[in-house]
Amino acid sequence: MSAPAARGPIVTIDGPAAVGKTTVGRLLAESLGYLCLDSGLFYRAVALATVRAGGDPDSPDDAVAAAHALRLRFAPDPSGRFAARAFDGDCDITQALFSPEVDGTVSLVSRIPEVRAAMLDPQREALREGGIVALGRDIGTVVCPEADVKVYLDASPDVRARRRWKERRDAGGEIDIADIRNNLQARDRIDSQRSIAPLQAAPDALMISTDDVTAAQVVKAIRASMAERGLIREA
Ligand code: DC
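Residues numbered from 1 in each chain as written. Predicted model: local features only at pLDDT ≥ 70, side-chain atom pairs only at ≥ 80, totals over all residues. Heavy atoms only, no water.

(A) Quick peek at the overall build of the protein chain. Summing up its helical and strand segments, the protein chain has 9 helices and 8 strands in all. For the protein chain, the C-alpha atoms occupy an extent of roughly 50 × 50 × 35 Å along the three principal directions. A burial count over the protein chain gives 47% of its 235 residues as buried. Partitioning the intrachain contacts of the protein chain with sequence separation of at least 6 by distance along the chain shows that 71% fall at a separation of at least 24. Just so you have it, the protein chain exposes about 11700 Å², and 51% of that area is on carbon and sulfur atoms. Positive and negative side-chain charges of the protein chain, numbering 30 and 34 respectively, have mean locations separated by a distance of 4 Å. (Helix = DSSP H or I, 4+ residues; strand = E, 2+ residues; numbered from the N terminus. Buried < 20%, exposed > 50% of the residue type's maximum accessible area, 1.4 Å probe, protein only. Contact = heavy atoms within 4.5 Å. Areas by Shrake-Rupley, 256 points an atom, 1.4 Å probe, with all protein chains shown as cover. Lys, Arg positive; Asp, Glu negative; His and termini not counted. Charge placed at Lys NZ, Arg CZ, Asp CG, Glu CD.)

Written out as structure tokens, the structure reads:
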């Protein structure tokens, strides 16, 4: 009997909102020929489903019912690299996942232990084959502590607020930077203080501050760490 095929490498990138996980994750995945999956989409989908069902995102009963009713699946974007399009059944919810309504409620649903429990298996299933860069808050600590390389990104609140503001402005939105900063701070507080799977770095994570470096420099540092571990040939 042949041995089961070994999975490909798994790289996790955790860190607070607007720290650059998506930019770095996509660049890294592209350079490696891996898929990039943002686990925040799982929780955003639960928040959206709860609100759309007329439920209260702060109510465990409502959020868990929405989580169980979700028929979430992802499809690659046209490049085939990023699991960037999300569907609930046949309904494309990609855009709705980034609405201000979801931004304002996603931390509430994601701090509910039963919601996190319901999202564990789908996330692990998505990582099963490896060859993937997974982004989130607890991927290296809870979802996949056995990942080959764990990265934790951080940056100052001002730098993160400016980045998110620019992103929204480039997408045609008009949002006050002070509102963004307040929203990020509120989410940081909820994400890092929740009792289950709080935002924190894995003890063996590669810690990188993205304040004064470009995304390409961060990718270079992660690739160097992969090369050191023999996962790729050169950085
Ligand atoms: O990365 P993001 O902004 O799309 O994440 C949305 C929310 O989901 C964020 O407030 C925290 C939550 N989240 C989480 O609790 N665990 C994850 N692994 C990913 C996201």
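(B) Up close: the packing of helix H7 (residues 157–170) against helix H8 (residues 177–193). At their nearest, the axes of H7 and H8 sit 9 Å apart, and the two run at 120 degrees to each other. In this view, H7 runs oblique relative to H8, as classed from their interaxial angle. Like other packed secondary-structure pairs, H7 and H8 cross with a definite hand, here right-handed. For the pair H7 and H8, the contacting residues are Pro 157, Asp 158, Arg 160, Ala 161, Arg 162, Arg 164 and Trp 165 in the first and Ile 177, Ile 180, Arg 181, Leu 184, Arg 187 and Asp 188 in the second. For the contact of H7 with H8, the class distribution of residues is 6 nonpolar, no polar and 7 charged. (Axes fitted to C-alpha atoms, helices over the stretch in contact; angles between N-to-C directions. Parallel < 35°, antiparallel > 145°, perpendicular 65-115°, else oblique. Left-handed = near helix turned anticlockwise from the far one by under 90°. Nonpolar A, V, L, I, M, F, W, Y, C, P; charged D, E, K, R; others polar.)

(C) Quick peek at the sheet that holds strand S7 (residues 149–154). The parallel open sheet is built from 5 strands, whose spatial order is S2-S6-S1-S7-S8. Two strands lie at the open edges of the sheet, namely strand S2 (35–38) and strand S8 (206–209), each paired on one side alone. Mean inter-strand twist for the sheet, computed between neighbouring axes without regard to direction, equals 20 degrees. The sheet contact formed by S7 and S8 spans 4 bridges and is parallel. Each bridged residue has a counterpart across the sheet, and for Leu 153 the counterpart in S8 is Ile 208. (Pairing = 2+ DSSP bridges.)

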